[in-house]
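Chain by chain, the residues:
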Amino acid sequence: MVLEPIFSQNSTSRGLIVGNYCHDVLMRDGMVVAETLGGAASFISVVLDGLSIPYNLIAKVGSDFAYATNHIPIVIPTCKTTLFHAYFDSAIDTGGHQDRVLKRVFACDPIRPSDLPETGFDFGMAVGVGGEILPETLEQMVGICNVVFVDVQALIRVFDVVDGTVKLVGLKESGFFHLLPRIGVLKASADEALFFDVEEVRKWCCVVVTHGKDGCKVYWKDGEIEIAPFAANQVDPTGAGDSFLGGLVSGLVHGLAVPDAALLGNFFGSLTVGQVGLPRLDLKLLQIVKDEMQKRKMQGIVCNERRDDELNFWKHPGHEQFHTSLSAAKITPACHIQECEWNLSSSPRVIEQGNKTNLLINSAHEGSFQSVHGKP
Ligand SMILES: Nc1ncnc2c1ncn2[C@@H]1O[C@H](COP(=O)(O)OP(=O)(O)OP(=O)(O)O)[C@@H](O)[C@H]1O
Ligand SMILES: O[C@H]1[C@H](O)[C@@H](O)[C@H](O)[C@@H](O)[C@H]1O
């Protein structure tokens, strides 16, 4: 397992995020309810920026790309930006995680090894959404990064040739399987985890399976541990897994033990489902989170001092208190968590302009749309 380098990270570590930005169109019962910036890279950026973690980002878009982002993507004039249509069906609601059918309508260029910088990175994140990460790209990443975190959705998605519907293939058939012993952490949603044998893969790398409102479970060679969720009022599940991964990696980079870092993942996942599109993270909230992470370090739970892989996987004293403190931060009055008051089933329209989100709430009485910029 390539795990030891995770624990030698520090907050000046530099990361490499690889995965295309995309345009997301969310539909509810046939109606467009939101158009937002998407792609795992964009959700992860929000979390890493919020926690002041430096990184380079390699993403490709077309000249139609509609958003302002902190990290400028590579523009391919001959391509359109990757576009996903996510279809939510009011009739299907699987216990808080609304199921969706995802269609890739356009696919921008793949990211090739020659698109990556040659310099070494402390950590890498392979986070494709539309099949843009090739086996040779991941191979190059494991060569230039000390440790690589991989979202399995980057490896096992295939796209219907007629309508672009996203389907999954077994990890063994994906063309990436041979690279598993060289990656640090493989993250999968519970649905995606059905496409590989966790018992087999955990021998080579750490596996983290997310379970929506129920939190997540971490598996490694010799053990496994469940990590508690945070309460959330889910309005849009999109990007929860991406923000989770951003939180997990940020925690590890800041020197937290794996369970604490996974808890931070759950925290950012829960913030994301409470909003439509990218999470808008309050600065005061972020400061509280940073302070709490610092406190965990002060308690002597500094992984990069221990260099002891096995120890870093178990919950250390104070883990539950860390959960309590983060939960409290979410409800601190000073922190305006901009949770929306509606959910996708009530069919409001959300249109993002630049990096701002407009909520256009359908007013039944006036027969018109009312524009609201988040909450006051
Ligand atoms: N309804 C919820 N309430 C609280 N936390 C949630 C909820 N949904 C997701 N989360 C948090 O986000 C994490 C990731 O969610 P999930 O397992 O749904 O990922 P995903 O299916 O990959 O998401 P997506 O593909 O939409 O990005 C969970 O492990 C959990 O911590
Ligand atoms: O923006 C979203 C998000 O990144 C999801 O994690 C991914 O599954 C979708 O394909 C993408 O459109």
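In this text the structure is predicted, and so the values were computed from the model without any measurement.

**Student:** Explain the overall build of the chain to me, using residue names and the numbers behind them.
**Tutor:** Counting its secondary structure elements, the chain contains eleven helices and 19 strands. Carbon and sulfur atoms provide 53% of the accessible area of the chain, an area that totals close to 15,100 Å².

**Student:** Talk me through the site of ligand 2; I want residue IDs and the actual numbers.
**Tutor:** Around ligand 2, 14 residues are found, and the nearest of them are D24, G39, Q153, R157 and D242. Q153 is positioned such that a nitrogen or oxygen atom in its side chain is 3.0 Å from an oxygen atom of ligand 2. Take D242: an N or O atom from its side chain is 2.7 Å from an oxygen atom of ligand 2. Relative to its unbound accessible area of 300 Å², ligand 2 is 96% covered by the protein chains. Listed by contribution, the elements that provide at least two residues to the shell around ligand 2 are β2 (22-28), α1 (40-50) and β8 (100-106). For the shell around ligand 2, the residue count by class is six nonpolar, four polar and four charged.

**Student:** A description of the environment of G255 should follow, citing residues and the corresponding values.
**Tutor:** Summarising the element assignment, G255 is placed in the loop between α6 (240-253) and α7 (258-273). A relative accessible area of 2% places G255 in the buried class. It is 9.3 Å that separates the C-alpha atoms of G255 and Q294, two residues lying 39 residues apart in sequence.

**Student:** If you had to explain the UniProt feature "domain: Carbohydrate kinase PfkB" (unreviewed entry) in the chain to someone new, which residues and values would you point to?
**Tutor:** The sites that carry the UniProt feature "domain: Carbohydrate kinase PfkB" (unreviewed entry) are, in the present numbering, residues 206-277. Regarding residues 206-277, the helix share stands at 42% and the strand share at 21%, and the terminal C-alpha atoms are separated by 29 Å.

**Student:** How would you sum up the packing of α1 against α6? Please name residues and give values.
**Tutor:** Where α1 meets α6, the axes come as close as 8 Å, and the angle between the chain directions of the two elements is 40°. In terms of axis orientation, α1 runs oblique to α6. As for the relative orientation of α1 and α6, their crossing is right-handed in sense. Residue-level contacts link A40, F43, I44, V47 and L48 of α1 to D242, S243, L245, G246, G247 and S250 of α6. For the contact of α1 with α6, the per-class residue count stands at six nonpolar, four polar and one charged.

**Student:** Provide a residue-level description of the nonpolar core, including the pertinent values.
**Tutor:** Counting 70 residues, the largest nonpolar core has I17, F123, M125, V218, L248, F268 and V289 as its most contacted members. Broken down by element, this core gets its largest block of residues, eight residues, from α7. Excluding its chain neighbours within four sequence positions, the residues that come into contact with L248 are V185, V208, A261, A262 and G265. Among the nonpolar cores identified, the runner-up in size contains 35 residues, and L16, I111, L138 and I183 belong to it.

**Student:** Tell me about α7, residues and numbers included.
**Tutor:** For α7, with 16 residues, the first-to-last C-alpha span of 23 Å sits near the 22 Å given by 1.5 Å per residue. Among the 16 residues in α7, 16 count as buried, and that is most of the element.

**Student:** How would you summarise unusual backbone geometry if you had to cite specific residues and measurements?
**Tutor:** For D29, which is not glycine, the phi torsion reads 50° and is therefore positive. With respect to the helices and strands, the residue D29 is situated in the loop between β2 and β3 (31-38). A positive phi angle, close to 60°, is found at S52, a residue other than glycine. Its place among the elements puts S52 in the loop between α1 and β4 (55-58).

Rules behind the numbers
Once a new chain begins, its residue numbering starts again from 1 and follows that chain's sequence as written. All chains are assigned letters beginning at A, and all ligands numbers beginning at 1, according to the order in which they are written. Since the coordinates come from a predicted model, pLDDT governs what is reported: local features require at least 70, and pairs of side-chain atoms require 80 or more to be given and counted, while whole-chain, interface and lining totals use all residues. As a convention, hydrogens and water are excluded, and side-chain values are obtained from all of the structure's heavy atoms. The helix and strand labels rest on DSSP assignments: H or I over at least four residues marks a helix, E over at least two residues marks a strand, and numbering proceeds from the N terminus. Values of accessible area rely on a 1.4 Å probe in the Shrake-Rupley scheme; residue burial ignores everything except the protein chains shown. Near is defined per residue: the residue qualifies when any heavy atom it owns lies within 4 Å of the molecule or strand. As used in this structure description, the phrase polar contact means that two N or O atoms lie within 3.5 Å; if the pair is within protein, one of them must be able to donate a hydrogen and the other to accept it, and residues adjacent in sequence are counted only when both atoms belong to side chains. Three classes are used: nonpolar for Ala, Val, Leu, Ile, Met, Phe, Trp, Tyr, Cys and Pro, charged for Asp, Glu, Lys and Arg, and polar for all others, with Gly counted as polar. Partly exposed residues are those whose accessible area sits between 20% and 50% of the maximum for their type, while under 20% is buried and over 50% is exposed, using a 1.4 Å probe and protein chains only. UniProt positions are given in the numbering used here, feature names are shortened, and annotations may be inferred rather than shown by experiment. An axis is simply a line fitted to the C-alpha atoms; with a helix, the fit covers only the stretch in contact. Between two such axes, the angle follows the N-to-C directions and lies from 0 to 180 degrees. Working definition: roughly parallel below 35 degrees, roughly antiparallel above 145 degrees, roughly perpendicular at 65 to 115 degrees, and oblique for all remaining angles. The sense of a crossing depends on the near helix, which, turned anticlockwise from the far helix by less than a right angle, makes the crossing left-handed and, turned clockwise, makes it right-handed. Any two residues whose heavy atoms approach within 4.5 Å at even a single point are treated as in contact. For this analysis, a nonpolar core means a set of buried residues of the types Ala, Val, Leu, Ile, Met, Phe, Trp, Tyr and Cys, connected via side-chain atoms within 4.5 Å. One fewer than the residue count of a helix, multiplied by 1.5 Å, yields its expected span.

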